[in-house]
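Here are the chains, one letter per residue:
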Amino acid sequence: MINLIFKNNQYLDRNGQFTKDIEQARIIKSRKTANQVAADHDAEVTSYSWIPDRENPWLEEMEDE
């Protein structure tokens, strides 16, 4: 499961700015961390199921931000 921070039809990026480009969204693996970040930005968490594959092996190794 991966979590993205969502507010006003935009996603939080790694620079703390909101963007409509989901490819720039900050990915957070921990739901607890995502809830904390969302609260800091008065936003909500949206979660997606993700299964590791050959196209995205980096996500499996990614640390929580």
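So, how was this worked out
- Residues numbered from 1 in each chain as written.
- Predicted model: local features only at pLDDT ≥ 70, side-chain atom pairs only at ≥ 80, totals over all residues.
- Heavy atoms only, no water.
- Helix = DSSP H or I, 4+ residues; strand = E, 2+ residues; numbered from the N terminus.
- Buried < 20%, exposed > 50% of the residue type's maximum accessible area, 1.4 Å probe, protein only.
- Contact = heavy atoms within 4.5 Å.
- Areas by Shrake-Rupley, 256 points an atom, 1.4 Å probe, with all protein chains shown as cover.
- Pairing = 2+ DSSP bridges.
- Axes fitted to C-alpha atoms, helices over the stretch in contact; angles between N-to-C directions.

### Digging into the overall build of the chain
Summing up its helical and strand segments, the chain has two helices and four strands in all. Written out in order from the N terminus, the α and β elements of the chain read β-β-β-α-β-α. Scored against the burial criterion, the 65 residues of the chain give a buried share of 31%. By sequence separation, contacts in the chain at least 24 residues apart represent 56% of the contacts at least 6 residues apart. Per element, the accessible surface of the chain, about 4800 Å² overall, is 42% carbon and sulfur.

### A closer look at unusual backbone geometry
Of note, Asn8 is a non-glycine position whose phi angle comes to about 50°, a positive value. Along the chain, Asn8 falls in the loop between strand S1 (2–7) and strand S2 (10–12). According to the relative accessible area criterion, Asn8 is exposed, its value standing at 64%. With a phi close to 60°, Asn9 is a non-glycine residue in the positive phi region. Assignment of secondary structure puts Asn9 in the loop between S1 and S2. Overall, Asn9 belongs to the exposed group, its relative accessible area being 59%.

### Considering the sheet that holds S2
Taken together, the four strands give an open sheet; going across it, the order is S3-S2-S1-S4, and neighbouring strands pair in antiparallel fashion. Sheet topology places strand S3 (18–19) and strand S4 (44–48) at the edges, where each strand pairs with a single neighbour. Relative to S2, S1 is paired through two bridges, and the arrangement is antiparallel. Counterpart to Lys7 in the pairing with S2 is Gln10. Those strands touched by helix H1 (residues 31–40) are S1, S2 and S4, and its axis lies near 150° from that of S4.

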